[in-house]
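Here's the letter readout for the chains.
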Amino acid sequence: MKQSLGAKTIVLPAPVFIVGSYDEQDHPNIMTAAWGGICGSDPPCLTVSIRPARLTYENIMRRRAYTVSIPSVSQAREADYAGLCSGRDGNKFEALGLTPVRSKLVDAPYVGEFPLTVECRLRQTVELGVHTLFIGEIMDVKVEDWAMNESGVIAVEKLRPLTFSPADGAYYGLGDFVGKAFSIGKK
């Protein structure tokens, strides 16, 4: 029998998004976010929900762009730190020894050391209670060579993306192959 947990923000797994933006002085900033995901395919779009009190909210509204870098499980410490501190109090890139890379396509930085990056131009915002949903059109996806397979596809088992569990406030790794989508259900 299923047990009711009530209206909670629990969907498993949740992503660990490292959202990159520039402030008004052109300083790079990152923050960790778990509320987001793909929301459209034509045009390709990615969402992230951020509270208006966050520096990243102001930056995205001003610059109309953001990036999402996806850390590997080996980068959990850096990802967690990016969500613990405010960019108003210091440069998180410097504190973590990470490299801010200026996107050539959107007005936002991404984390050079994280294996997967999505560069987004802001298309729309939607106010949802205490969060604003940013809908960004994906302008490019960048991935490290080592995280791809011989067919040129991102290999989840190599990338080992970090995920978040809102149910217990913990990070988990993703990567075990289960079966081919649009195929195993045919049997």
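**Quick look at the pairing of strand S10 (residues 131-143)**
In terms of strand pairing, strand S5 (residues 44-50) meets S10 through six bridges, oriented antiparallel. Bridging across to S10, Thr-47 finds its partner in Ile-135. Pairing analysis gives twelve bridges linking strand S9 (residues 116-128) to S10, with the strands arranged antiparallel. What sits directly across from Glu-127, in S10, is Thr-132. Here S9 folds back onto S10, and the loop between the two strands holds two residues, one of which, Gly-129, carries a positive phi near 65°.

**Some remarks on the sheet that holds strand S3 (residues 28-33)**
What the seven strands build is an open sheet, ordered S3-S2-S6-S9-S10-S5-S4; its pairing is antiparallel. Because the sheet does not close on itself, it has two edges, and the strands there are S3 and strand S4 (36-41). Averaged over neighbouring strand pairs, the angle between their axes works out to 35° when direction is ignored. In terms of strand pairing, strand S6 (residues 65-70) meets S9 through six bridges, oriented antiparallel. Its bridge partner lying in S9, Ser-69 is registered against Thr-117. Against the sheet, helix H1 (residues 55-63) contacts strand S2 (17-22), S3, S5, S6, S9 and S10, and its axis sits at roughly 55° relative to S2. Along the sheet, helix H2 (residues 76-84) makes contact with S2 and S3, crossing S3 at roughly 100°.

**A word on the sheet that holds strand S1 (residues 14-15)**
The three strands are arranged S1-S11-S12 in an open sheet whose pairing can be described as antiparallel. A strand with exactly one partner marks an edge of an open sheet, and here the two such strands are S1 and strand S12 (170-173). Relative to S12, strand S11 (residues 162-165) runs antiparallel, the two being bridged by four bridges. Bridged to Ser-165 within S12 is Ala-170.

Here is what the cut-offs are and how they apply
- Residues numbered from 1 in each chain as written.
- Predicted model: local features only at pLDDT ≥ 70, side-chain atom pairs only at ≥ 80, totals over all residues.
- Heavy atoms only, no water.
- Pairing = 2+ DSSP bridges.
- Helix = DSSP H or I, 4+ residues; strand = E, 2+ residues; numbered from the N terminus.
- Axes fitted to C-alpha atoms, helices over the stretch in contact; angles between N-to-C directions.
- Contact = heavy atoms within 4.5 Å.

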